[in-house]
Amino acid sequence: MNALAATNRNFRLASRLLGLDSKLEKSLLIPFREIKVECTIPKDDGTLVSYVGFRVQHDNARGPMKGGIRYHPEVDPDEVNALAQLMTWKTAVADIPYGGAKGGIGCNPRDLSKSELERLTRVFTQKIHDLIGVHTDVPAPDMGTNAQTMAWILDEYSKFHGYSPAVVTGKPIDLGGSLGREAATGRGVVYATEALLAEYGKSMKGLTFVIQGFGNVGSWASRLIHERGGKVIAVSDITGAVKNPNGIDIPELLKHKEASGSLKSFGGGDSMDPNELLVHECDVLVPCALGGVLNRENAADVKAKFIVEGANHPTDPEADEILSKKGVTILPDIYANAGGVTVSYFEWVQNIQGFMWDEDKVNNELSRYMTRAFHNIKNMCQSHNCNLRMGAFTLGVNRVARATTLRGWEA
């Protein structure tokens with residue numbers, strides 16, 4: 001089942017549990033606005049090339065829309081729609097005053113020089129500058145984009161609207177980016193895991209963790225779990241997979257990856273089949289890579305007791321059912337990986353106030369938001385007698401539905 005179908009299904013189940021009006025339900029699913037623009041740039045050799053850029057703005061009932069911009073060759077409108085909708089529920093679960101959006105350009109950033117990427121980003125910004133804004137829609141980095149991309153958008157946007165650091169988040173620190181933003185999603189995953197384990201009277205110390213994906217989220221999550229005394233016994237990324245039953249020395253693995261660009265031939269562990277990783281014996285499995293990695297083929301063989309979704313949509317709905325029958329507790333993506341958008345919100349707040357926080361304040365506030373959201377989800381689980389995924393969805397959908405009704409959507 002693709003991302004859009006899965007999100008729609010979860011939304012419908014949540015709206016049934018909440019007893020939402022069917023007209024309101026339909027209204028909440030339809031995106032507020034979808035933008036599609038042509039971006040033509042001269043390449044370095046002087047030839048012209050055209051790309052399609054777009055932005056899906058899903059909902060703004062609770063505040064400005066928020067979501068990433070990805071540069072990826074297969075930017076699929078359905079997936080972007082699903083991810084924009086997911087951002088609406090995610091910001092509501094985290095209780096930050098945003099709605100959802102998502103966008104991107106169908107290009108392969110690896111095939112473009114830095115100056116070509118800059119021209120492309122600036123042309124894209126020129127085309128959408130009057131449809132984004134500090135109180136309208138605030139983009140952020142996603143796959144294939146980074147702090148530099150945000151700096152170009154900020155600069156181009158500011159040519160039209162004056163200096164507006166709050167128009168994007170995930171900026172370089174020197175241009176109003178927030179301390180702690182880099183580690184935020186991984187750190188949020190860790191705070192979420194701690195809140196979940198505390199429910200079961202456990203802490204990270206001595207538990208075994210398997211982490212799929214060693215990019216930004218996976219590497220920060222691994223580092224912080226390791227610091228808290230958790231044993232990370234297996235890690236994988238595109239380059240390969242490493243296991244060590246006594247726990248991998250994460251700082252050493254990070255050094256090795258920094259030096260060699262790969263997890264292969266790491267001295268502090270044995271290499272393993274990356275496909276075996278998800279069904280490896282462990283207490284907590286943390287998928288931080290792509291969507292759809294847990295499906296009906298492998299779900300029955302998962303040995304973890306807890307799954308914490310660092311990635312978006314790592315668990316197929318069919319796998320969801322198999323796993324919950326097995327008694328596996330799944331901490332859903334719309335809560336578990338909300339650390340990134342929460343610290344983006346802190347960055348936006350700092351920019352608007354013109355007053356920057358120190359890193360400890362950022363991390364303490366993030367901890368407070370993640371812990372509070374977990375207890376709100378648990379309350380929803382109790383009142384609707386449902387699992388954590390439905391608890392999070394009912395919490396998010398209910399907040400958006402209430403805001404929409406209060407604002408008067410029928411008028």
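- If you look the protein chain up in an unreviewed UniProt entry, it shows as Glutamate dehydrogenase from Durio zibethinus.
- One UniProt comment on the protein chain, placed under Sequence similarities (unreviewed entry), says "Belongs to the Glu/Leu/Phe/Val dehydrogenases family."

### Section: the overall build of the protein chain
Turning to step 1, where the next piece is worked out: Across its full length, the protein chain carries 14 helices and 12 strands.
Turning to step 2, where the next piece is worked out: The C-alpha atoms of the protein chain give a radius of gyration of 21 Å, which matches the 22 Å a tight globule of 411 residues would have.
Turning to step 3, where the next piece is worked out: With the C-alpha coordinates of the protein chain rotated into their principal frame, the extents come out at 55 × 55 × 40 Å.
Turning to step 4, where the next piece is worked out: Counting every position in the protein chain, which comprises 411 residues, the buried fraction comes to 59%.

### A few points about the nonpolar core
Turning to step 1, where the next piece is worked out: Of all hydrophobic cores here, the largest spans 103 residues; its most connected members are Val 235, Leu 331 and Tyr 335.
Turning to step 2, where the next piece is worked out: Ranked by residues supplied to this core, first place goes to helix α13 (residues 359–384) with nine residues.
Turning to step 3, where the next piece is worked out: The residues that make up this core include at least three from each of domain 1 (31–163) and domain 2 (183–335).
Turning to step 4, where the next piece is worked out: Excluding residues within four positions of it along the chain, Val 235 makes contact with Ile 211, Phe 214, Gly 240, Ala 241, Val 242, Ile 248, Ile 250, Leu 253, Leu 263 and Leu 277.

### A few points about the UniProt feature "active site" (unreviewed entry) in the protein chain
Turning to step 1, where the next piece is worked out: What UniProt calls "active site" (unreviewed entry) maps, in this numbering, to Lys 102.
Turning to step 2, where the next piece is worked out: Residue placement: Lys 102 occurs in strand β4 (residues 99–105).
Turning to step 3, where the next piece is worked out: Here Lys 102 is in contact with Arg 55, Val 56, Gly 68, Arg 70, Val 80, Leu 83, Ala 84 and Asp 142, once residues within four sequence places are set aside.

### Re the layout of surface pockets
Turning to step 1, where the next piece is worked out: If you add up the space inside the second largest pocket, you get close to 350 Å³.
Turning to step 2, where the next piece is worked out: Lining the second largest pocket are 18 residues, with Asp 320, Ser 324, Asn 387, Leu 388 and Arg 389 sitting closest to its centre.
Turning to step 3, where the next piece is worked out: Elements that contribute at least two residues to the lining of the second largest pocket include exactly α1 (3–18), α10 (317–325), β12 (329–331), α13 and α14 (388–407).
Turning to step 4, where the next piece is worked out: Of the residues in the lining of the second largest pocket, the class split is nine nonpolar, four polar and five charged.

### Remarks on helix α7 (residues 216–227)
Turning to step 1, where the next piece is worked out: For α7, built from 12 residues, the straight-helix expectation of 16 Å at 1.5 Å per residue is met to within 8% by its first-to-last C-alpha distance of 17 Å.
Turning to step 2, where the next piece is worked out: Those residues of α7 that sit buried are Val 217, Gly 218, Ser 219, Ala 221, Ser 222, Leu 224 and Ile 225.
Turning to step 3, where the next piece is worked out: The inward-facing, buried residues of α7 abut α6 (184–199), β6 (208–212), β7 (231–237) and α8 (250–260).

### Concerning the UniProt feature "site: Important for catalysis" (unreviewed entry) in the protein chain
Turning to step 1, where the next piece is worked out: UniProt records the feature "site: Important for catalysis" (unreviewed entry) at Asp 142, using the numbering of this structure.
Turning to step 2, where the next piece is worked out: Along the chain, the position of Asp 142 falls in the loop between β5 (137–141) and α5 (147–161).
Turning to step 3, where the next piece is worked out: In this structure, Asp 142 is in contact with Gly 68, Ile 69, Arg 70 and Lys 102, ignoring residues within four places of it in sequence.

### A few points about unusual backbone geometry
Turning to step 1, where the next piece is worked out: Of note, the phi angle at Asp 95 is positive, near 60°, even though the residue is not glycine.
Turning to step 2, where the next piece is worked out: Among the structural elements, Asp 95 can be located in the loop between α3 (77–93) and β4.

### Details of the pattern of salt bridges
Turning to step 1, where the next piece is worked out: Evaluated as defined, the whole model comprises 28 salt bridges.
Turning to step 2, where the next piece is worked out: One salt bridge connects Arg 16 with Glu 25, and the closest N-O pair in it is separated by 3.9 Å.
Turning to step 3, where the next piece is worked out: With a shortest N-O distance of 3.1 Å, Glu 318 and Arg 296 are connected by a salt bridge. On the criterion of sequence distance, the pair formed by Glu 318 in helix α10 and Arg 296 in the loop between β10 (284–287) and β11 (306–308) is long-range, its members being 22 residues apart.
Turning to step 4, where the next piece is worked out: Judged by its relative accessible area of 37%, Glu 318 falls in the partly exposed class.
Turning to step 5, where the next piece is worked out: Shared partners join several salt bridges into a network, and the residues in it are Glu 118, Arg 122, Asp 155, Glu 156 and Lys 159.

### Considerations on the pairing of β6
Turning to step 1, where the next piece is worked out: Most of β6 is tucked away: five of the five residues are buried.
Turning to step 2, where the next piece is worked out: Because side chains alternate across β6, one face comprises the buried residues Thr 208, Val 210 and Gln 212, and the other comprises Phe 209 and Ile 211, equally buried.
Turning to step 3, where the next piece is worked out: Pairing of β6 with β7, which is carried by five bridges, proceeds in the parallel orientation. Pairing of Thr 208 across the sheet is with Lys 231, part of β7.
Turning to step 4, where the next piece is worked out: With respect to chirality, the unit in which β6 leads through α7 into the neighbouring parallel β7 is right-handed.

### Brief notes about empty space enclosed by the protein
Turning to step 1, where the next piece is worked out: Per the counting criterion, the structure on display carries one cavity of 30 Å³ or more.
Turning to step 2, where the next piece is worked out: Taken as a whole, the largest cavity spans an internal volume of roughly 80 Å³.
Turning to step 3, where the next piece is worked out: Considering the residues around the largest cavity, the lining is formed by Ala 6, Asn 10, Leu 86, His 313, Thr 315, Pro 317, Asp 320, Asp 333, Arg 389 and Phe 393.
Turning to step 4, where the next piece is worked out: Breaking the lining of the largest cavity down by element, the ones donating at least two residues are α1, α10 and α14.

### Focus: the state of the cysteines
Turning to step 1, where the next piece is worked out: Under the counting rule described, the total for this entry stands at zero disulfides.
Turning to step 2, where the next piece is worked out: Not engaged in a disulfide, the cysteine Cys 39 finds its nearest cysteine sulfur in Cys 107; these two sulfurs lie 9.3 Å apart.
Turning to step 3, where the next piece is worked out: For Cys 107, a relative accessible area of 3% puts it in the buried group.

The rules behind the values
- Residues numbered from 1 in each chain as written.
- Predicted model: local features only at pLDDT ≥ 70, side-chain atom pairs only at ≥ 80, totals over all residues.
- Heavy atoms only, no water.
- UniProt positions renumbered as here; feature names shortened; annotations may be inferred.
- Helix = DSSP H or I, 4+ residues; strand = E, 2+ residues; numbered from the N terminus.
- Rg over C-alpha atoms; globule rule 2.2 N^0.38 Å.
- Buried < 20%, exposed > 50% of the residue type's maximum accessible area, 1.4 Å probe, protein only.
- Core = buried A, V, L, I, M, F, W, Y, C linked by side-chain atoms within 4.5 Å.
- Domains from an automatic or database assignment.
- Contact = heavy atoms within 4.5 Å.
- 1 Å grid on protein atoms, 1.4 Å probe; cavity = no way out; pocket = protein on both sides within 12 Å on 5 of 7 lines; lining within 4 Å.
- Points joined across faces, edges and corners; volume = space filled by probe spheres on them.
- Nonpolar A, V, L, I, M, F, W, Y, C, P; charged D, E, K, R; others polar.
- Expected span 1.5 Å × (residues − 1).
- Salt bridge = Lys/Arg side-chain N within 4 Å of Asp/Glu carboxyl O.
- Pairing = 2+ DSSP bridges.
- Right-handed = clockwise from strand over helix to strand, strands pointing away.
- Disulfide = S-S within 2.5 Å.

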